[in-house]
Amino acid sequence: EVDLYAVVPDARSIAVAPFLDLDTASNNSQFAQSFVAAAQTDLAQFGPARVTALADHSWPGAGTIDTIRALTNKARTRTMLMGTVRRVDQKLSISLHLVEGSSGETLLQRRFFLDDVATSPNELARLVASELSAILDGDRRTQATKLDPALQNQTANEYIQAGQSFAHHRSKADRNHALSV
């Protein structure tokens, strides 16, 4: 008998890597753990979701697709959130990068400037909870279509999907064929 929970990651799950503190050039596990606690609470209003912090020693500080795949498999999560923090004047600059664990595809890339450094993990979680929930709920293109009125145009949406499909073809013959069409 196979335990599916041990094999299949939760669809609404995020592994959060320690944030890289650009001021000290070191991992900031405390910021990541504070963000995880706040995000778990904020995402709960949109339905069940699992947010887990990766141990500092398991994160090498750079996310190759193989590293991301291995860590999300180990954590049994569908996605991984990586980020950086840096003080800029009296504000905290935070960059987020959410990727699909199996493919490495970018699902979200955002940058924030927050005023209160002490409460920034909580504020950040509040700011991104609905967007993270929408991404975790399903296909990113479907979510984008619902959020962006420009993508509600069927013809525009077909061109975008064709372009995304083309971008995934890596062979020279495929590109030559696309250019000749």
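Computed from a predicted model, the values in this text were never measured in an experiment.

1. Quick look at the overall build of the protein chain
Secondary structure summary: the protein chain contains 7 helices and 7 strands in total. Counted from the first residue to the last, the protein chain has its helices and strands arranged as α-β-β-β-α-β-α-β-β-β-α-α-α-α. A total of 181 residues make up the protein chain; the buried ones form 35% of that total. Long-range contacts, defined as pairs at least 24 residues apart, comprise 54% of the intrachain contacts of the protein chain with a sequence gap of at least 6. Within the structure as shown, the protein chain displays about 10,800 Å² of accessible surface, and the carbon and sulfur contribution to it stands at 52%.

2. Considerations on the pairing of strand β6 (residues 91-100)
Summarising burial for β6: 7 of the 10 residues are buried, a large majority. Strand direction decides the pairing type here: strand β5 (residues 77-88) and β6, joined by 10 bridges, are antiparallel. Across the sheet, the residue bridging to Met82 is His97, located in β6. In this structure, the hairpin formed by β5 and β6 is closed by a connection of 2 residues, where Asp89 is found at a positive phi of approximately 55 degrees.

3. Notes on the pattern of salt bridges
Inspection of the entire model under this criterion finds 7 salt bridges. For Arg69, the salt bridge is made with Asp66, and the minimal N-O distance between the two is 3.5 Å. One end of the pair, Arg69, and the other, Asp66, are both in helix α3 (residues 65-75), 3 residues apart, so they sit about a helical turn from each other. Its salt-bridge partner being Lys91, residue Asp115 comes within 3.1 Å of it at the nearest N-O pair. One end of the pair, Asp115, is in the loop between β7 (106-114) and α4 (120-137); the other, Lys91, is in strand β6, and 24 residues separate them in sequence. With relative accessibility at 36%, the residue Lys91 sits in the partly exposed group.

Calculation notes
Residues numbered from 1 in each chain as written. Predicted model: local features only at pLDDT ≥ 70, side-chain atom pairs only at ≥ 80, totals over all residues. Heavy atoms only, no water. Helix = DSSP H or I, 4+ residues; strand = E, 2+ residues; numbered from the N terminus. Buried < 20%, exposed > 50% of the residue type's maximum accessible area, 1.4 Å probe, protein only. Contact = heavy atoms within 4.5 Å. Areas by Shrake-Rupley, 256 points an atom, 1.4 Å probe, with all protein chains shown as cover. Pairing = 2+ DSSP bridges. Salt bridge = Lys/Arg side-chain N within 4 Å of Asp/Glu carboxyl O.

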